[in-house]
Amino acid sequence: MKTKFSKLTLMTRESQRKLLTESMQELGLLHIVQETYDVPEETKSLIHELNIVNRLIRLLENEEDGEEIQQAAQPVPVKKVIARLQKMEEQIEKINQEIERLEKEAHYLAPWGDYAYEKFHPLIEQGVYIYLCHTDKKSFKKLDRSQAIIQQVNQYGRDSYFVVITDQKDYNAPYEHFPLPKTPPSILQDEILQLQNKQTQVRASLQEEVVYLPMLMQYKTSLNDAIALAEIQASFSDHSEEKVISLSAWFPAHKKPEVVKFLEKENVVWKIRDPQKGENVPVVLKNRKYPRLFEPITRVFDLPNYYETDLTPILAVFYPILFAYCLGDAGYGFVLAVLMLAGYFSFLKTSRNVAWLGMILGAFTMLMGFIKSGSLFGIALLPDHPAA
């Protein structure tokens, strides 16, 4: 089997080229190719606005309930709708970020359990300091308890979570520790719940804006037409100041959500489509655990074209049989299997798939040696064998 690919084409500024291509490579995009041409400031502004409109259209499409969209009863300027949606988008983004931060903090504090900070506050004002600490079980047993009060709170596997009460303001210890946070997990959960309610309210308001989706789609079309016209006009001028780069790249189709998420954060215009006949599409084999062992043999001959069938699964069935038939001796198969087994734990540690392949071929050869030739290192094992 082969991995299905999609093609990405995007436009960006020359100044963003290096950073963008590096990010694309880290994301796993292949065969990145660029073309350069000049685009005036007016077109750049249109491209930026088109990015915003595309993002807002996706935002509203996520809020659709599947029913037919009714257009707004009263006409509203599209700029006003865009500004209102951008504000909602910003609110949702801030709420999501804050919820994520609070959830991480609550999850981090969970091993120490819940507490009421106000009960400890009088002690802290009197110069008594409380630290939440974490170390492994073995180290916890060796802690010096003469300089501070140490009380274990929880234990998960080899990890010990405990509290240290001391009069040292700048407490120094060889294990993870930090002052008792003012906000306990229960309060963090309350704040998360409040933010989720606020998020629900914003999304309810956003659903009311779905009626403007047809307007945005129409505005998107007009922006595309304006950009196309500006590019045609720019092609007749040699006086543009900054270059805009067109990049194209291939990526595995299953990574599309990740690629789209990346592109939405960048100031680029982009398009994703399926491969077309005649295009030089990268080939990445994608087989299950057993056939994957035979991919090196496939590569020895040549990788199949993107539009051809991958014969690796067929190779995985017949290659061991033919290999064993040719070698045909159980003793040689045993030596090969033992050698590969030893290599699995020593000289083939970095190529253990090769070791597994060798053990499989050795096992098939042993089996074939008993069934077909009935010989062990050339010695007949069956009375009717020709060598007997």
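The structure we're discussing is the one just above.
We now turn to the structure provided with this report. (Residues numbered from 1 in each chain as written. Predicted model: local features only at pLDDT ≥ 70, side-chain atom pairs only at ≥ 80, totals over all residues. Heavy atoms only, no water.)

### Thoughts on the overall build of the protein
Line of reasoning, step 1. Each helix and strand in the protein was counted, giving 13 helices and 10 strands.
Line of reasoning, step 2. Out of the 388 residues in the protein, the part that is buried amounts to 37%.
Line of reasoning, step 3. Considering only intrachain contacts with a sequence separation of at least 6, the fraction spanning at least 24 residues in the protein is 78%.
Line of reasoning, step 4. When the accessible surface of the protein is totalled, it reaches about 24,400 Å², and 55% of it is carbon and sulfur. (Helix = DSSP H or I, 4+ residues; strand = E, 2+ residues; numbered from the N terminus. Buried < 20%, exposed > 50% of the residue type's maximum accessible area, 1.4 Å probe, protein only. Contact = heavy atoms within 4.5 Å. Areas by Shrake-Rupley, 256 points an atom, 1.4 Å probe, with all protein chains shown as cover.)

### What to know about the packing of aromatic side chains
Line of reasoning, step 1. One pass over the structure, following the stated rule, counts 15 aromatic pairs.
Line of reasoning, step 2. Look at tyrosine 319 and phenylalanine 323: their rings are 6.4 Å apart centre to centre, the planes differ by 25 degrees, and that puts the pair in the stacked class. You can see tyrosine 319 and its partner phenylalanine 323 sitting in helix H11 (residues 312-327), 4 residues apart, about one turn around the helix.
Line of reasoning, step 3. Since its relative accessible area comes to 26%, phenylalanine 323 is described here as partly exposed. (Phe/Tyr/Trp six-rings, centres within 6.5 Å; stacked < 30°, edge-to-face > 60°.)

### Here's the deal with the pattern of salt bridges
Line of reasoning, step 1. Overall, the coordinates contain 12 salt bridges when judged by the stated rule.
Line of reasoning, step 2. For arginine 203, the salt bridge identified is with glutamate 63, shortest N-O distance 2.4 Å. Of this pair, arginine 203 sits in helix H6 (residues 185-208) while glutamate 63 sits in the loop between helix H2 (41-61) and helix H3 (78-109); the two residues are 140 residues apart in sequence, bridging distant segments of the chain.
Line of reasoning, step 3. Between arginine 101 and glutamate 98 there is a salt bridge; the shortest N-O distance is 2.5 Å. Highlighted residues: arginine 101 and glutamate 98, both in helix H3, separated by 3 residues, approximately one helical turn.
Line of reasoning, step 4. Among the residues examined, arginine 101 registers a relative accessible area of 39% and is labelled partly exposed.
Line of reasoning, step 5. By relative accessible area, glutamate 98 is classed as partly exposed at 28%. (Salt bridge = Lys/Arg side-chain N within 4 Å of Asp/Glu carboxyl O.)

### Concerning a nonpolar patch on the surface
Line of reasoning, step 1. A surface patch of nonpolar side chains, about 610 Å² in accessible area, is lined by Leu327, Tyr332, Phe334, Val335, Val338, Leu376 and Phe377.
Line of reasoning, step 2. Broken down by element, the residue count for the nonpolar patch peaks at 4 residues, all from helix H12 (residues 330-344).
Line of reasoning, step 3. Relative to the assigned elements, phenylalanine 377 resides in the loop between strand S9 (375-376) and strand S10 (379-380). (Patch = residues over 30% accessible without salt bridge, like charges linked within 9 Å, V, L, I, M, F, W, Y side chains within 5 Å.)

### So, the environment of alanine 106
Line of reasoning, step 1. With respect to the helices and strands, alanine 106 occurs in helix H3.
Line of reasoning, step 2. Alanine 106 has contacts with Leu188 and Gln189, leaving out every residue within four places of it along the chain.

### Re the layout of surface pockets
Line of reasoning, step 1. A volume near 660 Å³ is recorded for the largest pocket.
Line of reasoning, step 2. Lining the largest pocket are 21 residues, with Arg55, Glu89, Glu93, Glu264 and Lys265 sitting closest to its centre.
Line of reasoning, step 3. Those elements that place two or more of their residues in the lining of the largest pocket are H2, H3 and helix H8 (256-264).
Line of reasoning, step 4. Sorting elements by how many residues they give to the lining of the largest pocket places H2 first, with 7 residues.
Line of reasoning, step 5. The residue makeup of the lining of the largest pocket, split by class, is 6 nonpolar, 6 polar and 9 charged.
Line of reasoning, step 6. The wall of the second largest pocket is formed by 18 residues, among which Asn54, Lys220, Val269, Trp270 and Lys271 lie closest to the centre.
Line of reasoning, step 7. Contributing elements (two or more residues each) for the lining of the second largest pocket: strand S1 (5-13), H2, helix H7 (213-234), H8 and strand S8 (269-273).
Line of reasoning, step 8. Looking at the lining of the second largest pocket, the element that brings in the most residues is H2, giving 6 residues.
Line of reasoning, step 9. Residue composition of the lining of the second largest pocket, by class: 9 nonpolar, 4 polar and 5 charged. (1 Å grid on protein atoms, 1.4 Å probe; cavity = no way out; pocket = protein on both sides within 12 Å on 5 of 7 lines; lining within 4 Å. Points joined across faces, edges and corners; volume = space filled by probe spheres on them. Nonpolar A, V, L, I, M, F, W, Y, C, P; charged D, E, K, R; others polar.)

### Quick word on the packing of H2 against H3
Line of reasoning, step 1. Following both chains from N to C, one finds H2 and H3 inclined at 65 degrees, their axes separated by 10 Å at the closest point. Judged on the interaxial angle alone, H3 and H2 are roughly perpendicular. Between H2 and H3 lies a crossing whose hand is left-handed. Residue-level contacts link Glu49, Ile52, Val53, Arg55, Leu56, Leu59 and Leu60 of H2 to Lys79, Ile82, Leu85, Gln86 and Glu89 of H3.
Line of reasoning, step 2. A per-class count over the contact of H2 with H3 returns 7 nonpolar, 1 polar and 4 charged. (Axes fitted to C-alpha atoms, helices over the stretch in contact; angles between N-to-C directions. Parallel < 35°, antiparallel > 145°, perpendicular 65-115°, else oblique. Left-handed = near helix turned anticlockwise from the far one by under 90°.)

### Comments concerning the environment of tyrosine 325
Line of reasoning, step 1. Secondary-structure assignment places tyrosine 325 in helix H11.
Line of reasoning, step 2. For the pair formed by tyrosine 325 and methionine 368, sequence separation is 43 residues and the distance between their alpha carbons is 6.4 Å.
Line of reasoning, step 3. With sequence-adjacent residues up to four places away left out, tyrosine 325 is seen in contact with Met368 and Lys372.

### Looking at the packing of helix H1 (residues 17-27) against H8
Line of reasoning, step 1. As a packed pair, H1 and H8 sit with axes 11 Å apart at the nearest point and diverge in direction by 160 degrees. With respect to their mutual orientation, H1 and H8 come out roughly antiparallel. By crossing handedness, the relation of H1 to H8 is classed as right-handed. On the side of H1, the interface is formed by Leu20, Ser23, Met24 and Leu27, while H8 contributes Glu258, Val259 and Phe262.
Line of reasoning, step 2. Its residues placed into classes, the contact of H1 with H8 shows 5 nonpolar, 1 polar and 1 charged.

### Focus on the pairing of strand S4 (residues 149-156)
Line of reasoning, step 1. Relative to strand S5 (residues 159-166), S4 runs antiparallel, the two being bridged by 7 bridges. Counterpart to glutamine 151 in the pairing with S5 is valine 163.
Line of reasoning, step 2. A loop of 2 residues connects S4 with S5, the two strands running antiparallel in sequence, and glycine 157 in this loop sits at a positive phi of about 60 degrees. (Pairing = 2+ DSSP bridges.)

### So, the nonpolar core
Line of reasoning, step 1. Counting 44 residues, the largest nonpolar core has Leu56, Leu60, Ile82, Leu85, Leu132, Leu206 and Leu216 as its most contacted members.
Line of reasoning, step 2. Looking at this core, the elements that each hand over two or more residues are H2, H3, strand S3 (129-136), S5, H6 and H7.
Line of reasoning, step 3. For this core, the leading source of residues is H3, giving 11 residues.
Line of reasoning, step 4. Contact partners of leucine 56, with chain neighbours within four places excluded, come to Ile82, Leu85, Gln86, Glu89 and Leu216. (Core = buried A, V, L, I, M, F, W, Y, C linked by side-chain atoms within 4.5 Å.)

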